[in-house]
Amino acid sequence: MIRMIVAIAVQAGLTLYQFDILGAFLCAQIDREIYLKLPQGYEPPQGKTAKLLRSLYGLKQAPSVFHSLLEAWLLRYGFTAIGGNLVTFLLRSGTSVVLLSIYVDDSIAATNYEKLYRQFLTDLSKDFELSDQGK
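Overview of the structure.

### Overview of the overall build of the protein
Check the secondary structure of the protein and you find 3 helices and 8 strands. Going from the N terminus to the C terminus, the protein shows its helices and strands as α-β-β-β-α-β-β-β-β-α-β. Across the 135 residues that make up the protein, the buried fraction comes to 37%. Taking the intrachain contacts of the protein between residues at least 6 apart in sequence as the baseline, contacts between residues at least 24 apart amount to 58%. Surface accessibility of the protein: about 8,500 Å² in total, with carbon and sulfur atoms responsible for 53%.

### Examining the pairing of strand β6 (residues 96-103)
Taking burial as the measure, the 8 residues of β6 include 7 buried ones, the bulk of the element. Relative to β6, strand β5 (residues 88-93) runs antiparallel, the two sharing 6 bridges. Bridge pairing in β6 places Arg92 opposite Val97. Here β5 folds back onto β6, and the loop between the two strands holds 2 residues, one of which, Gly94, carries a positive phi near 65°. With 6 bridges joining them, β6 and strand β7 (residues 106-111) adopt antiparallel strand pairing. Its bridge partner lying in β7, Leu99 is registered against Ala110. Taking the residues that link successive antiparallel strands as the turn, the β6-β7 hairpin has 2 residues, and the phi of Val104 there is positive, at about 55°.

### Focus on the sheet that holds β5
The antiparallel open sheet is built from 6 strands, whose spatial order is β4-β5-β6-β7-β1-β8. If you trace the sheet from one side to the other, it starts and ends with β4 (80-81) and β8 (130-134), each paired once. Where helix α3 (residues 114-124) meets the sheet, its contacts fall on β1 (15-21), β5, β6, β7 and β8, and the angle it forms with β1 comes to roughly 5°.

### Comments concerning the packing of aromatic side chains
For the structure shown, the criterion picks out 9 aromatic pairs. Their ring planes at 65° and their centres at 5.1 Å tell us that Phe79 and Phe120 sit as a pair that is edge-to-face. Of this pair, Phe79 sits in the loop between α2 (62-77) and β4 while Phe120 sits in helix α3, and the two are 41 residues apart along the sequence. Considered together, Phe79 and Phe120 belong to a single accessibility category, that of buried residues. Here the aromatic rings of Tyr117 and Phe120 are separated by 6.3 Å at their centres, their planes lie at 55°, and the arrangement is tilted. Here Tyr117 pairs with Phe120, and both are found in helix α3, just 3 residues apart, close to one helical turn. Classification of Phe120 as buried rests on a relative accessible area of 0%.

### Concerning the environment of Leu22
By the secondary structure assignment, Leu22 is in the loop between β1 and β2 (29-36). Remark: the alpha-carbon pair of Leu22 and Leu130, spanning 108 residues in sequence, is separated by 5.6 Å.

Criteria and thresholds
- Residues numbered from 1 in each chain as written.
- Predicted model: local features only at pLDDT ≥ 70, side-chain atom pairs only at ≥ 80, totals over all residues.
- Heavy atoms only, no water.
- Helix = DSSP H or I, 4+ residues; strand = E, 2+ residues; numbered from the N terminus.
- Buried < 20%, exposed > 50% of the residue type's maximum accessible area, 1.4 Å probe, protein only.
- Contact = heavy atoms within 4.5 Å.
- Areas by Shrake-Rupley, 256 points an atom, 1.4 Å probe, with all protein chains shown as cover.
- Pairing = 2+ DSSP bridges.
- Axes fitted to C-alpha atoms, helices over the stretch in contact; angles between N-to-C directions.
- Phe/Tyr/Trp six-rings, centres within 6.5 Å; stacked < 30°, edge-to-face > 60°.

Structure representation (structure tokens):
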């Protein structure tokens, strides 16, 4: 998908940007009960267990849970999923567009209107910690 975004950007004269979502897998709440085996040397209080409340790196469900969270945010914001794969999204505002492709916690965006992209990034940063890699 990233190659497709780059090809479209070159063909249409769009500007490319990249950003990362920091701590991505720690953002999402998990959708099932998962209990942890505590590390050796740590003894919980009698009769207590450790229940996981949020996703963790290394958790089998982490990528899926995070992607569902981000996808829901993008759709609420006004993006539409394109290509049927739920990793490429399009935001339109008049003649302005932001084309976005997501790979795990990294994203590449192509736009013909930097102000629309910057507003999107500002709004996204209210809910996710971002590292803007720029153009």
